[in-house]
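# Chains, contacts and geometry: an overview
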Amino acid sequence: EPEVTQTPSHQVTQMGQEVILRCVPISNHLYFYWYRQILGQKVEFLVSFYNNEISEKSEIFDDQFSVERPDGSNFTLKIRSTKLEDSAMYFCASSESRITEAFFGQGTRLTVV
Amino acid sequence: QQQVKQSPQSLIVQKGGISIINCAYENTAFDYFPWYQQFPGKGPALLIAIRPDVSEKKEGRFTISFNKSAKQFSLHIMDSQPGDSATYFCAASGASGTYKYIFGTGTRLKVLA
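The structure reproduced in this document is the subject of the present report. (Residues numbered from 1 in each chain as written. Chains lettered and ligands numbered in written order. Predicted model: local features only at pLDDT ≥ 70, side-chain atom pairs only at ≥ 80, totals over all residues. Heavy atoms only, no water.)

## Quick look at the interface of chain A and chain B
Contacts between the two partners involve 18 residues from chain A and, on the opposite side, 18 residues from chain B. A combined buried area of about 1,700 Å² lies between chain A and chain B, and 56% of that area is made up of carbon and sulfur atoms. Looking only at chain A, the three residues that lose the most surface to chain B are A:Lys42, A:Glu56 and A:Phe104, adding up to 29% of its buried area. At the surface where chain A touches chain B, the tally comes to 1 salt bridge. We note a salt bridge from B:Lys100 to A:Glu56, for which the minimum N-O separation is 3.2 Å. In this assembly, chain A and chain B are joined by 5 residue pairs in polar contact (both at pLDDT 80 or more). Residue assignment for the side of chain A that touches chain B shows that the elements contributing at least two residues are strand E4 (31-37), strand E5 (43-50) and strand E9 (88-95) of chain A. (Contact = heavy atoms within 4.5 Å. Buried area = accessible area lost by both parts, 1.4 Å probe. Salt bridge = Lys/Arg side-chain N within 4 Å of Asp/Glu carboxyl O. Polar contact = N/O pair within 3.5 Å; in protein donor to acceptor, adjacent residues only side chain to side chain. Helix = DSSP H or I, 4+ residues; strand = E, 2+ residues; numbered from the N terminus.)

## Observations concerning the state of the cysteines
Residue and element names in this part refer to chain B. A complete count under the given rule lists 2 disulfides over all chains for this structure. There is a disulfide in this structure between Cys-23 and Cys-90, and the S-S distance comes to 1.9 Å. Taking the torsion about the sulfur-sulfur bond, which here is approximately -95°, the covalent link between Cys-23 and Cys-90 counts as left-handed. Separated by 67 residues along the polypeptide, Cys-23 in strand E3 (residues 19-25) and Cys-90 in strand E9 (residues 86-92) bring together distant segments of the chain. Taking relative accessible area as the criterion, Cys-90 reaches 0% and is therefore assigned buried. (Disulfide = S-S within 2.5 Å. Buried < 20%, exposed > 50% of the residue type's maximum accessible area, 1.4 Å probe, protein only.)

## Points about a nonpolar patch on the surface
Judged by side-chain polarity, B:Ile18, B:Ile20 and B:Met78 come together as a nonpolar surface patch covering roughly 240 Å² of accessible area. Along the polypeptide, B:Ile18 turns up in the loop between strand E2 (10-14) and E3. (Patch = residues over 30% accessible without salt bridge, like charges linked within 9 Å, V, L, I, M, F, W, Y side chains within 5 Å. Areas by Shrake-Rupley, 256 points an atom, 1.4 Å probe, with all protein chains shown as cover.)

## Focus on unusual backbone geometry
Excluding glycine, residues mostly have negative phi values, and the peptide bonds linking residues are mostly trans. The omega torsion across A:Thr7 and A:Pro8 is -10°, close enough to zero to call that bond cis. Looking at the secondary structure, you find A:Pro8 in the loop between strand E1 (5-7) and strand E2 (10-13). The omega angle of the peptide bond from B:Ser7 to B:Pro8 is -5°, so this bond is cis rather than trans. Its place among the elements puts B:Pro8 in the loop between strand E1 (4-7) and E2. Phi at B:Lys71 takes a positive value of approximately 55°, unusual for a residue other than glycine. With respect to the element layout, B:Lys71 can be found in the loop between strand E7 (62-67) and strand E8 (72-77). A residue is classified by how much of its surface remains accessible, and B:Lys71, at 26% relative accessible area, is partly exposed. Even without glycine at this site, B:Asp79 takes up a positive phi of about 45°.

## Quick notes on the packing of aromatic side chains
In the structure shown here, the tally under the stated rule is 25 aromatic pairs over all chains. Plain terms: the ring middles of A:Tyr35 and A:Phe45 are 5.6 Å apart, the flat faces sit at 70° to each other, and that makes the pair edge-to-face. Here the residue A:Tyr35 occupies a position in strand E4, and A:Phe45 occupies one in strand E5, the gap between them amounting to 10 residues. Judged by relative accessible area, which is 6%, A:Phe45 ranks as buried. Centroid distance B:Phe33 to B:Phe73: 4.9 Å. Interplanar angle 55°. Geometry classified as tilted. Note that B:Phe33 is positioned in strand E4 (residues 33-38) and B:Phe73 in strand E8, a separation of 40 residues in sequence. Each member of the pair, B:Phe33 as well as B:Phe73, is classed as buried. In textbook terms, an aromatic cluster arises when at least three aromatic residues are bridged by ring pairs, as seen for A:Tyr33, A:Tyr35, A:Phe45, A:Phe91, A:Phe104, B:Tyr32, B:Tyr36, B:Phe89, B:Tyr101 and B:Phe103. (Phe/Tyr/Trp six-rings, centres within 6.5 Å; stacked < 30°, edge-to-face > 60°.)

Right, here's the structure in full:
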């Protein structure tokens, strides 16, 4: 069964450092998303991406965040200068269209120290 | 208006019992309501979803009941099993032409053997 894969599974980084979280969406999917989940809290939307551009972003997704689809398979989330409060589980998701279900990856646990 | 309220926060059910989780929304423009199951350290996995043109959808032991006039929907897990112990999130999408998911706060279900 096709799945969304994310790497790394766990990333520890120093405050102020840049991190790149990587995702390989399901191959025939066209819509890509990043969500985050702070420990014990609900899943929050960060950004959606379609046709090589951001289609929507939340207020969490400020200038420190960026997304990119550098090739035909990867989808990345970059945090330029990490803060302690960026520590969370980050989930990548993809969907075939805007109205079909989104499939989530296993997540990357980001710990900022 | 973009919130989805979920209750209860936690639920303990005996094996074989019925687990019921409720969600309520305010924005009548939402038109897709998925339920996700999440095990510790894993990504959310789609369980079942419903659109507002039907009042109920059943898949195996899982049923969504949808009350459009009350703006409420619920997940029923029949014959609950210890393997169902997980966190369940309801979500809504489709408001204002956007397709991001707005998640509820989650329900931690524990099914006692």
